[in-house]
Number of protein chains: 2
Amino acid sequence: MEAVTETMVAADAREETRARIEQAALDLFTAQGFEAVTIDEVADAAGISRRTFFRYCSTKADAVWGQFDGHVVRLEGMLAAAAADQPVLASVYAAYVEVNDYAAADLPMLRQRMRLILTEPALLAHSQLRYADVDRVVAAHVARRTGVAPDALVPRLVATSTRAAATTAFELWLADGRITLGAALHQAFDELAAGFPSLR
Amino acid sequence: MEAVTETMVAADAREETRARIEQAALDLFTAQGFEAVTIDEVADAAGISRRTFFRYCSTKADAVWGQFDGHVVRLEGMLAAAAADQPVLASVYAAYVEVNDYAAADLPMLRQRMRLILTEPALLAHSQLRYADVDRVVAAHVARRTGVAPDALVPRLVATSTRAAATTAFELWLADGRITLGAALHQAFDELAAGFPSLR
DNA sequence: CTTGCCGGTGGCACTGGGTGTCACCTACGG
DNA sequence: CCGTAGGTGACACCCAGTGCCACCGGCAAG
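Residues numbered from 1 in each chain as written. Chains lettered and ligands numbered in written order. Predicted model: local features only at pLDDT ≥ 70, side-chain atom pairs only at ≥ 80, totals over all residues. Heavy atoms only, no water.

S.K.: Before we move on, can you summarise the overall build of chain A with the specific residues and values?
M.R.: When helices and strands are counted, chain A shows nine helices and zero strands. Reading the helices (α) and strands (β) of chain A from amino to carboxyl end gives α-α-α-α-α-α-α-α-α. Over its C-alpha atoms, taken along the principal directions, chain A stretches across nearly 60 × 35 × 30 Å. Put simply, chain A has 200 residues, and 50% of those count as buried. (Helix = DSSP H or I, 4+ residues; strand = E, 2+ residues; numbered from the N terminus. Buried < 20%, exposed > 50% of the residue type's maximum accessible area, 1.4 Å probe, protein only.)

In structure tokens:
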């Protein structure tokens, strides 16, 4: 952090550091495995101290999640803006597809990130905490639209099973290099919403 | 560990120690919270050393899971023994209900365990690793019965979403003191299998 | 009875994630 | 020129988890 910050406002420098940490973490974790890399190594690669790493990422696992909070916020906004006459399940379906509509340039990094999250046990475990936020947002939406409590069966079930569908779509997208993420999401949601027609 | 083992075979003593660790862990975690309790405290309460704790539980989180491996094995057996003419989804449904058919005497401890797992963030995260085993078993069953690969969309999706349904049922059972665990499971699976009819 | 093996245990030291504290430095307004 | 505030690094600390070794009990062979 020397010449880089010269002509930079503080917020920009912060964002730039954040991105450098994330890239260093993704690369090191991909190359050597999540457990095999220490935080000191990530911090060194990002040109900061160990202590500063924890000021940007509250957890080692957090380093791979990027701006996931913004992701959740965008999903929440889409759900809130959904047409009132649209079926609830369809609105969740559409919001999941839209929030995961990445630009082509972002796909390689997304692949790297999701491969780590779904492959490394520690990151898979941690993902449950991040996805819990998503579930709360979806459950609140379903509850609002159906007039029941957010912790009732149907809102919770819709939230967890639609997220399960999205996760499955990501797994499929990662394993099969040909299918589009959007196509995988559509397949998974169609199966789920119809009660698994292909099993009858 | 002195007089207790007098008339005991080694395996019995081991099992008795295991149960003591589990009870101590559940009680301490419930009373003070998972993070606030150190392993030394659990070990002391169970009358063993810290090092021995890790010979029984590979992780602090593992202490609350009891004989979950046996659970998974039983589920696998039920799925393997399912009638060939039964619809696949129904066989998964039935196996989940049957494997969670606890004796009344076991319910308090199950409640304590599940409340911790669903309430404590660290345990919720860890649960993902345990449930991954369940998912593999279910996906393998669905794959076998439908003649596709275990990592194809439908087997994975059935596995993750049925587990989501089971988890939701547990949450409902915990929150609502009146409903039976079996009834909650039935409600959740019925919604899921029919594609959320209550939303139409 | 003694010797030697063997499984379970405890003690100890070490690595690594995460936190609290403090000193420093730099940019800013007075 | 001074004072303050926010970001940073260094250090000390706690705790989860691991490797290693020494010990102690039982048990079979001699």
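Structure's up, so let's keep going.
S.K.: Go over the protein's contact with DNA strand C, please, and point to the residues and values.
M.R.: Lining the immediate environment of DNA strand C, one finds 18 residues, of which Arg50, Arg51 and Lys60 of chain A together with Thr52 and Arg55 of chain B sit closest. Lys60 of chain A places a polar main-chain atom, nitrogen or oxygen, 2.6 Å from a phosphate oxygen of DNA strand C. One of the side-chain nitrogen or oxygen atoms of Ser49 of chain B is found 2.9 Å away from a phosphate oxygen of DNA strand C. A breakdown of the residues in the surface near DNA strand C according to their chemical character gives six nonpolar, five polar and seven charged. (Near = heavy atom within 4 Å. Polar contact = N/O pair within 3.5 Å; in protein donor to acceptor, adjacent residues only side chain to side chain. Nonpolar A, V, L, I, M, F, W, Y, C, P; charged D, E, K, R; others polar.)

S.K.: Explain the environment of Asn100 of chain B to me, and be specific about the residues and the numbers.
M.R.: Residue and element names in this part refer to chain B. Following the sequence through the fold, Asn100 ends up in the loop between helix 5 (88-99) and helix 6 (107-119). The spacing of Asn100 and His71 is 29 residues in sequence and 8.8 Å in space, taken between C-alpha atoms. When residues no more than four places from it in sequence are discounted, the contact partners of Asn100 are His71, Phe170, Leu181 and Leu185. (Contact = heavy atoms within 4.5 Å.)

S.K.: Which residues make up the side chain of Ser91 of chain B, and what values go with them?
M.R.: Residues and elements named next belong to chain B. With respect to the element layout, Ser91 can be found in helix 5. Among the polar contacts made by the side chain of Ser91, one reaches the side chain of His141 at a distance of 2.9 Å. Among all residues touching Ser91, those that are not within four sequence positions of it are Leu79, Ala82, Gln86, His141 and Arg145.

S.K.: Requested: an account of the domain arrangement of chain A, with residues and values cited.
M.R.: Residues and elements named next belong to chain A. Here chain A is partitioned into domain 1 (3-63) and domain 2 (65-199). The interface of domain 1 with domain 2 comprises 15 residues on the first partner and 12 residues on the second. Of the roughly 1200 Å² buried where domain 1 meets domain 2, counting both sides, 52% is carbon and sulfur surface. The interface formed by domain 1 and domain 2 holds two salt bridges in total. A salt bridge links Glu22 to Arg113; its shortest N-O distance comes to 2.7 Å. Inspection of the region where domain 1 meets domain 2 yields eight residue pairs in polar contact (both at pLDDT 80 or more). Here the side of domain 1 that touches domain 2 is composed, by residue class, of five nonpolar, four polar and six charged. (Domains from an automatic or database assignment. Buried area = accessible area lost by both parts, 1.4 Å probe. Salt bridge = Lys/Arg side-chain N within 4 Å of Asp/Glu carboxyl O.)

S.K.: So what's going on with the confidence of the model for chain A? Which residues, and what values?
M.R.: Caution applies to low-pLDDT parts of the model: their predicted coordinates are not meant to be read in detail. Taken as a whole, chain A shows an average pLDDT of 94; of its residues, 94% reach a score of 70 or greater. Counting contacts from residues 1-8 of chain A, a segment whose pLDDT is below 50, to residues more than four positions away or on other chains yields seven contacts. (pLDDT = per-residue confidence, 0-100.)

S.K.: Kindly report on the packing of helix 5 (residues 88-99) of chain A against helix 7 (residues 121-146) of chain A, identifying the contributing residues and their values.
M.R.: Residue and element names in this part refer to chain A. Between helix 5 and helix 7, the shortest axis-to-axis distance is 10 Å and the interhelical angle comes to 150°. Between helix 5 and helix 7, the crossing angle belongs to the class labelled roughly antiparallel. Crossing angle aside, the handedness with which helix 5 passes helix 7 is right-handed. Taking contact as the criterion, the partners of Val88, Ser91, Val92 and Tyr96 in helix 5 are, on helix 7, Val134, Val138, His141, Val142, Arg145 and Thr146. (Axes fitted to C-alpha atoms, helices over the stretch in contact; angles between N-to-C directions. Parallel < 35°, antiparallel > 145°, perpendicular 65-115°, else oblique. Left-handed = near helix turned anticlockwise from the far one by under 90°.)

S.K.: For the protein's contact with DNA strand D, give the residues involved together with the corresponding values.
M.R.: Taken together, 18 residues form the shell around DNA strand D, and within it Thr52 and Arg55 of chain A together with Arg50, Arg51 and Lys60 of chain B come nearest. Counting only atoms of DNA strand D within 4 Å of the protein, the fraction found in sugar and phosphate groups is 47%. The side chain of Arg55 of chain A places a nitrogen or oxygen atom 2.7 Å from a base oxygen of DNA strand D. In the environment of DNA strand D, a phosphate oxygen lies 2.6 Å from a nitrogen or oxygen atom belonging to the backbone of Lys60 of chain B. Going through the elements one at a time, helix 3 (50-56) of chain A together with helix 3 (50-56) of chain B are the ones with two or more residues in the surface near DNA strand D. Among the residues forming the surface near DNA strand D, the class breakdown is six nonpolar, five polar and seven charged.

S.K.: Account for the environment of Leu124 of chain B, with residues named and values stated.
M.R.: Mapping Leu124 of chain B onto the fold places it in helix 7 (residues 121-146). Given the relative accessible area of 17%, Leu124 of chain B is considered buried. Spatially, the C-alpha atoms of Leu124 of chain B and Met114 of chain B are 9.7 Å apart, while their sequence positions differ by 10 residues. Ignoring sequence-local partners within four residues, the contact set of Leu124 of chain B consists of Gln128 and Leu129 of chain A together with Ile117 and Leu118 of chain B.

S.K.: Report on the interface of chain A and chain B, specifying residues and quantitative values.
M.R.: Counting residues at the interface gives 32 residues for chain A, matched by 32 residues for chain B. Interface area lost by chain A to chain B is led by Leu153, Phe196 and Leu199 of chain A, which between them contribute 22%. Here chain A is connected to chain B by two salt bridges. Glu171 of chain B is the partner of Arg156 of chain A in a salt bridge, and the nearest nitrogen-oxygen pair spans 2.8 Å. Run the count over chain A and chain B and you get four residue pairs in polar contact (both at pLDDT 80 or more). At the level of secondary structure, the elements contributing two or more residues to the side of chain A that touches chain B comprise helix 7, helix 8 (153-175) and helix 9 (181-193) of chain A. Here the residues of the side of chain A that touches chain B are counted per class, giving 18 nonpolar, nine polar and five charged.

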